[in-house]
Amino acid sequence: MPQQKKVYIAGKIWTESEKAQLEAIDKLCKKLSLQTFLPHRDVGFAESIKDAQRIFKGDITDGFKDCFLVIA
């Protein structure tokens, strides 16, 4: 069975409109039958320095794994 193509969607999320823009890109990619990775959705946010290792692993190590395209 072929592996589904995964798209990493990167961008600023300081405001609700920036977050909404990334989520609109996510929706479009899904309409094109692409698997997506959104760091804020799939890994979450860091609450303190104690979260740094979890965020790095989830976002960078795991997030970019098997991606064929990055949208930034």
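Residues numbered from 1 in each chain as written. Predicted model: local features only at pLDDT ≥ 70, side-chain atom pairs only at ≥ 80, totals over all residues. Heavy atoms only, no water.

Engineer: Just give me the short version of the pairing of strand S1 (residues 6–9), but keep the residues and values in it.
Structural biologist: Alternating positions in S1 separate into two faces, Lys6 and Tyr8 on one and Val7 and Ile9 on the other, with burial throughout. For the handedness criterion, the β-α-β arrangement of S1, helix H1 (residues 16–31) and strand S2 (residues 35–37) is classed as right-handed. Looking at chain direction, S1 and strand S3 (residues 67–71) are connected through four bridges and run parallel. Across the sheet, the residue bridging to Tyr8 is Val70, located in S3. (Buried < 20%, exposed > 50% of the residue type's maximum accessible area, 1.4 Å probe, protein only. Helix = DSSP H or I, 4+ residues; strand = E, 2+ residues; numbered from the N terminus. Right-handed = clockwise from strand over helix to strand, strands pointing away. Pairing = 2+ DSSP bridges.)

Engineer: Tell me about unusual backbone geometry, residues and numbers included.
Structural biologist: A positive phi angle is found at Ser33, which is not glycine, with a value near 65°. Mapped onto the secondary structure, Ser33 falls in the loop between H1 and S2. Even without being glycine, Asp66 reaches a positive phi, approximately 65°. Topologically, Asp66 is positioned in the loop between helix H3 (52–62) and S3. Looking at Asp66, the relative accessible area reads 46%, which means it is partly exposed.

Engineer: I'd like to hear about the side chain of Thr36, residue by residue, with values.
Structural biologist: Topologically, Thr36 is positioned in strand S2. A polar contact of 2.3 Å, which involves the side chain of Thr36, links it to the side chain of Asp26. With sequence-adjacent residues up to four places away left out, Thr36 is seen in contact with Val7, Ile9, Asp26, Cys29, Lys30, Arg41 and Asp42. (Polar contact = N/O pair within 3.5 Å; in protein donor to acceptor, adjacent residues only side chain to side chain. Contact = heavy atoms within 4.5 Å.)

Engineer: Which residues make up the state of the cysteines, and what values do they have?
Structural biologist: All chains considered together, the criterion is met by zero disulfides. Unpaired in terms of disulfides, Cys29 finds its nearest cysteine sulfur in Cys67, a separation of 11 Å. Classification of Cys67 as partly exposed rests on a relative accessible area of 22%. (Disulfide = S-S within 2.5 Å.)

Engineer: How would you explain the pattern of salt bridges if you had to name every residue and give the values?
Structural biologist: Applying the stated criterion across every chain, the model contains six salt bridges. As a salt-bridge pair, Lys12 and Glu18 come within 3.4 Å of each other at their nearest N and O atoms. On the basis of relative accessibility, which here comes to 55%, the residue Lys12 falls in the exposed class. We note a salt bridge from Asp26 to Lys30, for which the minimum N-O separation is 3.6 Å. Of this pair, Asp26 and Lys30 both sit in helix H1, four residues apart, roughly one helical turn. (Salt bridge = Lys/Arg side-chain N within 4 Å of Asp/Glu carboxyl O.)

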